[in-house]
Amino acid sequence: MLVSPSPHLHSPASTNSIMRDVVIALLPALVVMILFYGWSAIIVTAVSCVSCVGLEYAISRWLMHKPSLFNGWSALVTGVLLAMNLPSTTPWWIVFIGAVVAIGVAKMSFGGLGQNLFNPAITARVFLLISFPVAMTNWAMPQGFIPAVDAVSGATPLGLIKEGLKSGQTISEALAASGLDVHYVLRDLGASGGEVSALALVLGFCYLLVRKVVKPWIPLSILVTITVISAVFSGIDPEHFTGPNFNLMTGGVLLGALFMATDYVTSPVSNLGGVIYGIGIGLIVMMIRYFGSYPEGMSFAILIMNCFVPLINRAFHQKKYGRS
Amino acid sequence: MNKLTFSIGGIHPSDSKISRGCKIETLPLPPKVYVSMFQHLGAQAKPVVAVGDKVKAGQIIAEPGGFISAYVHSPVSGTVKSIAPRKDLAGFAVMHIEIDVEGDEWAEGVDLSPELVTNIPEDRDFILDRIKMCGVVGLGGATFPTHVKLNPPPGKTAECLILNGAECEPFLTSDFRILLERTDEIVVGAAIMQKVLGGCRCVIGIEENKPEAIEAVSASVARLGFPGMSVATLKKRYPQGGEKQLIDAVMHRQVKSGGLPIDVGAVVQNVATSLAVYEAVQKNKPLVTNTMTFTGNVVPPERQHNYLFRIGTPLSFIAEQAGGIPENAVKLVSGGPMMGKAIANLEATTVKGSSSILCLGDETRRHPETACIRCGRCADACPMGLEPFFLKKLYGVGDTDALERNAVQDCIECGCCQYSCPAYVPLLDNIRMAKAQVMGIIRARNAKK
């Protein structure tokens, strides 16, 4: 007979079941991505997942000599997220370098699961963005199993607008010069690939909400902050500042807000802390997009706010019973 | 109807009330009983009988060893065989009085008739004396002497007596059964306590998963017509029956850290205590019987029981009567699965507060601990609003100042954090040790003042 202190029961949830739920939640968006981008997306995803899981296993087993650090589902989440953060045209060896940075540098060198300060997938993305700017900003138009619009390859809409604004053009001039249909970018972008994958991302996130894996406060505060800031700026000067719809739908805002900023390890514990963290991310994204030299900014925003998480955790606590 | 619940934390474990349909059976008398001198919170009781004495059921065999202590009565008639230390269920040596059972003769003045007595004595001191002399203690888990709790210090008045019928622990059904089968007696017991407390109102709180009990008690309250008494439906949520949580749910007030329920005008008593108060005051029957559940996932349905037992009956005798401990049982627990104590010694005896023998199977095995992923589930689950993952970390580095600042001493040891932790971190194990350390420091500091 066993003898141990109470409690004598445990809830069915485990770290594995939680990470499995996150993988399940990412599946709809992953399927959409593969349908739109085809074989190249499958290759990127496969390389990323296999390298992330393999590296985590290898590092915990043979480098850190602590096989218990290996958590396959958690590494798989990083693998899928990394794949979704890379253009489908990324060469396999760049994907592999990304996995080394994500798992080896951002995660395991801090002590493995639960110890990392920065979100592994985003760290890898930013590393690749800085190291391989051309490969990482090569925005392949949908060219997958579902015939979408005319496939072209080029800069992302965010990049186009940023370049245009830098050279003194207005948003509509920049888009006209690029040959892209303004309406496609500003409205129909949402109506085709972008929105379908947005829908898939939201669907997956709803699954996490229903399973009580995540709480909605962080994504909500990010999205509301972005909406408010871009509504104000574009309302004042629509020719130089992009609007809320565009900002919410592009540049990985949804993926970042729903799945990357909500990473347990690198986000605050308390609800109020989560809101502060979310507002911070929203502010930084919009500052980078409007006033910075990078067109996008979600990755940087999350990484910057990751740094503040220990401080936020220290400043914001739960409401305690009988101590108000 | 508006369902009440507490405002912070809480979990929703499966309620597993497998034995809810089992009527209370009277357990046969065992050949021997072992009556513990440490069945209540406070000082141990002092034996007042000698080896060889003949005792009757309901006769005092030990007196209080201090202000916070309680009388202990013989649960059976027979001969005192020995007075010696004996292992309790956790394996600690505690003084026990061993009595060989001979017949079933009761002490004079104990009314064993089943008639309901609804006339409540007028004299408050008489009632309190009866409760004290009958050795009544809180049967909700803490076994705090009831006469002390019903006698608030000068300057404090009770506004509300909360009768705790939540039975929020999974598996346990003894409170549910007495609410169904001893309804009127419990309601009269509540009215007696209302009178002692100066005529405050009384709310009987019952969780929504016991609709039959809510119906029966509501009907009884209406029929007996005691003033200021009502029934409240509580949400099914653990730890709804925690004293502080129940006060929050029913009165929307929170007891300050380090304070007592009476500070916010509340007195909480368990329904089983109410029954014991009724028997003590109206029938002059000391607390020598209680109701317990024999249950568990590994116990087949036909072997689930709710027993009325004589306090002092060995656990092994009860298990035998119930058809033995199932072979696939992995752990035996006395009390609920969230806060109960693991039984290390089945030869140990039942005490006033015994509420179950729970046979748990493989589901109770602990999983190997993995890394904390800071998901915050422990903090979300904590009904005291603490941050268990952080407390564990602080305990690890031995920072007692920070532990105190982060209110480790407020922990009620409900187990919600450890239950919820997806990384199987033994949070409560650590927090218990941290709490003991900090409480020691606080006590030492107060003693110096």
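Residue numbers here run from 1 along each chain, matching the order of that chain's written sequence. Written order decides the labels, with chains lettered from A and ligands numbered from 1. Selection of residues for local features in this predicted model requires a pLDDT of at least 70, selection of side-chain atom pairs for listing and counting requires 80 or more, and totals for whole chains, interfaces and linings are taken over all residues. With hydrogens and water excluded, all non-hydrogen atoms of the structure serve as input to the side-chain values.

**Q** What am I meant to see in the environment of A348(B) here?
**A** All names here are of chain B. Each helix is a run of H or I in the DSSP string that is no shorter than four residues. Each strand is a run of E no shorter than two, and both are numbered from the N terminus. Position of A348 among the secondary structure elements: in the loop between β16 (341-342) and β17 (356-360). Type-normalised accessible area, obtained with a 1.4 Å probe on protein chains alone, sets the label of each residue: buried when under 20%, exposed when over 50%, and partly exposed for intermediate values. Take A348: its relative accessible area is 0%, and that puts it in the buried class. For the pair formed by A348 and L180, sequence separation is 168 residues and the distance between their alpha carbons is 30 Å. Working rule for contacts: check all heavy atoms of both residues, and any pair within 4.5 Å makes them a contact. For A348, the residues in contact, after removing those within four places along its chain, are R86, K87, D88, L89, P314 and L315.

**Q** Whenever I open this one, helix α3 (residues 174-181) of chain B confuses me. Can you help?
**A** For α3(B), the buried fraction is high: six of the eight residues fall into the buried class. When we look at burial in α3(B), the residues that qualify are S174(B), D175(B), F176(B), R177(B), I178(B) and L179(B).

**Q** Just checking my understanding: could you explain the interface of chain A and chain B for this structure?
**A** Often, the extent of an interface is quoted as the loss of accessible area upon association of its parts. Contacts between the two partners involve 35 residues from chain A and, on the opposite side, 61 residues from chain B. Carbon and sulfur atoms supply 54% of the area buried between chain A and chain B, which totals about 4100 Å² over both sides. When the area that chain A buries against chain B is broken down by residue, the three leading residues are H8(A), L9(A) and Y321(A), summing to 22%. Every case where a carboxyl oxygen of Asp or Glu lies within 4 Å of a side-chain nitrogen of Lys or Arg is listed as a salt bridge. Along the contact surface separating chain A from chain B lie two salt bridges. We note a salt bridge from R323(A) to D410(B), for which the minimum N-O separation is 2.5 Å. In protein, a polar contact means a hydrogen-donor-capable atom and an acceptor-capable atom, both N or O and within 3.5 Å, with residues adjacent in sequence counting only if both atoms are side-chain atoms; elsewhere, any N or O pair within 3.5 Å suffices. Inspection of the chain A/chain B interface yields 28 residue pairs in polar contact (both at pLDDT 80 or more). Under the grouping applied here, Gly and all other residues not named as nonpolar or charged are polar, the nonpolar ones being Ala, Val, Leu, Ile, Met, Phe, Trp, Tyr, Cys and Pro and the charged ones Asp, Glu, Lys and Arg. Here the side of chain A that touches chain B is composed, by residue class, of 17 nonpolar, 13 polar and five charged. Summed over both partners, the accessible area lost on bringing two parts together, with a 1.4 Å probe, is the buried area.

**Q** I tried to follow the pairing of strand β15 (residues 331-334) of chain B on my own but got confused; where do I start?
**A** For a regular strand, side-chain orientation follows a simple rule: the groups alternate between the two sheet faces. All names here are of chain B. Residue alternation in β15 divides its side chains into two sets, K331 and V333 and L332 and S334, and both sets are buried. For two strands to be treated as a pair, DSSP must find at least two bridges joining them. Pairing of β15 with β17, which is carried by three bridges, proceeds in the antiparallel orientation. Across the sheet, residue L332 finds its bridge partner in β17, namely C359. As defined by bridge partners, β15 adjoins β16 across two bridges and the pair is classed as antiparallel.

**Q** Please explain the domain arrangement of chain A as it appears in this structure.
**A** Residues and elements named next belong to chain A. Boundary definitions for the domains trace back to an automatic or database domain assignment. Parsing chain A into structural domains produces domain 1 (15-136) and domain 2 (149-191 + 214-315). Contacts between domain 1 and domain 2 engage 20 residues on the former and 16 residues on the latter. Counting each side, the surface lost to burial between domain 1 and domain 2 is near 1600 Å², with a carbon and sulfur contribution of 76%. The largest per-residue losses of area from domain 1 upon contact with domain 2 belong to L117, N119 and I122, which jointly make up 30% of the total buried on that side. On inspection of domain 1 and its partner domain 2, the count reaches zero salt bridges. The interface formed by domain 1 and domain 2 holds three residue pairs in polar contact (both at pLDDT 80 or more) in total. The set of elements that each furnish at least two residues to the side of domain 1 that touches domain 2 consists of α1 (15-37), α3 (72-84) and α5 (120-131). Ranked by residues supplied to the side of domain 1 that touches domain 2, first place goes to α5 with eight residues. Across the side of domain 1 that touches domain 2, the residue classes break down as 13 nonpolar, six polar and one charged.

**Q** So what exactly am I meant to see when it comes to helix α5 (residues 211-224) of chain B here?
**A** Helical periodicity: at 3.6 residues per turn, an α-helix aligns residues three or four positions apart in one direction. Residues and elements named next belong to chain B. To estimate the expected span of a helix, subtract one from its residue number and multiply by 1.5 Å. End to end, α5 covers 20 Å across 14 residues, agreeing with the expected 20 Å (1.5 Å per residue, within 8%). Listed as buried for α5 are A213, I214, V217, S220 and V221. Down the axis of α5, the sector holding all buried residues measures 135 degrees, keeping them to one side. Facing away from the buried surface of α5 by more than 90 degrees, the exposed residues are E215, A222 and R223. The directions considered for the arc run from the helix axis to the C-beta atoms.

**Q** Help me out: how do you make sense of the sheet that holds strand β8 (residues 93-101) of chain B in this one?
**A** Pairing in this open sheet of four strands is antiparallel, and the strands run β2-β8-β7-β4 (chain B) from one edge to the other. At either end of the open sheet lies a strand with only one pairing partner, and these are β2 (32-36) and β4 (54-55) of chain B.

**Q** Help me understand the packing of α3(B) against helix α7 (residues 271-283) of chain B in this model?
**A** What describes two packed helices is the angle between their axes and the distance between those same axes. All names here are of chain B. Orientation is described by lines fitted to C-alpha atoms, with helices fitted over the stretch in contact, and by angles between N-to-C directions that extend from 0 to 180 degrees. Between α3 and α7, the shortest axis-to-axis distance is 9 Å and the interhelical angle comes to 50 degrees. Judged on the interaxial angle alone, α7 and α3 are oblique. Crossing of α3 against α7: the hand is left-handed. Mapping the contact onto sequence places D175, I178 and L179 in α3 and V271, A272 and L275 in α7. Each residue belonging to the contact of α3 with α7 can be placed in one class, and the counts come to five nonpolar, no polar and one charged. Just so you know how the angles are binned, under 35 degrees is roughly parallel, over 145 roughly antiparallel, 65 to 115 roughly perpendicular, and the rest oblique. In this scheme the handedness of a crossing depends on how the near helix is turned from the far one: anticlockwise by less than a right angle means left-handed, clockwise means right-handed.

**Q** Before we go on, may I ask you to explain the pattern of salt bridges in this structure?
**A** Any two side chains of opposite charge can pair, on the condition that their charged atoms come close. Residues and elements named next belong to chain B. Overall, the coordinates contain 27 salt bridges over all chains when judged by the stated rule. For K285, the salt bridge is made with E279, and the minimal N-O distance between the two is 3.5 Å. Here the two residues K285 and E279 agree in accessibility, since each one is buried. Among the salt bridges present, the one from D362 reaches R365, with a minimum N-O distance of 2.9 Å. A cluster of three or more residues bridged by salt bridges with shared partners is formed by R182, E185, E279 and K285.

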